[in-house]
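Architecture at a glance
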Amino acid sequence: VFSALATRLVLGTRYSWLQWSGIFAAVVGVIIVGSASLGSERSAVDATAPLGVLLALCARVLQSVQFAFEERFMKTGRFSPLMQVGAEGAIESAMCAVIVLPLVYFLPGSNHGKLEDVADTLRMLQRSPAL
């Protein structure tokens, strides 16, 4: 669904009414399944279900935009496929280091009071001769 919207915006891909109706049917199905998980009886574990759904949707949107731009760059021929895959890996690793690791360090959790104690993880990696 998000890929269709991203390719429409980024690449100008045109879809027929039949394809749009299929996309609409998929959206309705996702809404039904998603609302079933959010509408059931709540427990301590289920309290994070809305956050999980939101994060999954955000991930799909970002992946769809990445797919559309990847296709755009592949069509122009400015980058070799190997260079493009390497650049994606480097950019995603940098984003993980700059956004995700600080985020999980400051969120509360069971690892020394944090969701993930990044400093402790780095110490463990440094002390492990196998790694």
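Everything that follows concerns the structure shown earlier in this document.
Residues numbered from 1 in each chain as written. Predicted model: local features only at pLDDT ≥ 70, side-chain atom pairs only at ≥ 80, totals over all residues. Heavy atoms only, no water.

1. Considering the packing of aromatic side chains
- Enumeration over the complete set of coordinates arrives at three aromatic pairs.
- Relative to Phe73, the ring of Phe69 lies with its centre 6.5 Å away and its plane at 35°, an arrangement referred to as tilted. Here Phe69 pairs with Phe73, and both are found in helix 3 (residues 49-76), just four residues apart, close to one helical turn.
- When the centroid spacing of 5.2 Å and the interplanar angle of 90° are considered together, the rings of Tyr105 and Phe106 count as edge-to-face.
- The partly exposed category is assigned to Tyr105, whose relative accessible area is 27%.
- Taking NZ or CZ as reference, Lys114 lies 4.8 Å from the ring centre of Tyr105, over its face. (Phe/Tyr/Trp six-rings, centres within 6.5 Å; stacked < 30°, edge-to-face > 60°. Helix = DSSP H or I, 4+ residues; strand = E, 2+ residues; numbered from the N terminus. Buried < 20%, exposed > 50% of the residue type's maximum accessible area, 1.4 Å probe, protein only. Lys NZ or Arg CZ within 6 Å of the ring centre and 35° of its normal.)

2. Regarding helix 4 (residues 81-106)
- Here helix 4 is 26 residues long and its end C-alpha atoms lie 37 Å apart, about the 38 Å a rise of 1.5 Å per residue gives.
- The axis of helix 4 is deflected most strongly, by about 35°, at Cys96. (Expected span 1.5 Å × (residues − 1). Bend = angle between axes of the 7 residues up to and from the residue.)

3. A look at the pattern of salt bridges
- Under the criterion given, the structure shown has two salt bridges.
- Residue Glu71 pairs with Lys75 through a salt bridge whose shortest N-O separation is 3.4 Å. With a gap of four residues between them, Glu71 and Lys75 both fall in helix 3, about one helical turn apart.
- By relative accessible area, which is 25% here, Glu71 ends up partly exposed.
- Look at Lys75 and you get exposed, because its relative accessible area is 62%.
- Its salt-bridge partner being Arg123, residue Asp120 comes within 3.8 Å of it at the nearest N-O pair. (Salt bridge = Lys/Arg side-chain N within 4 Å of Asp/Glu carboxyl O.)

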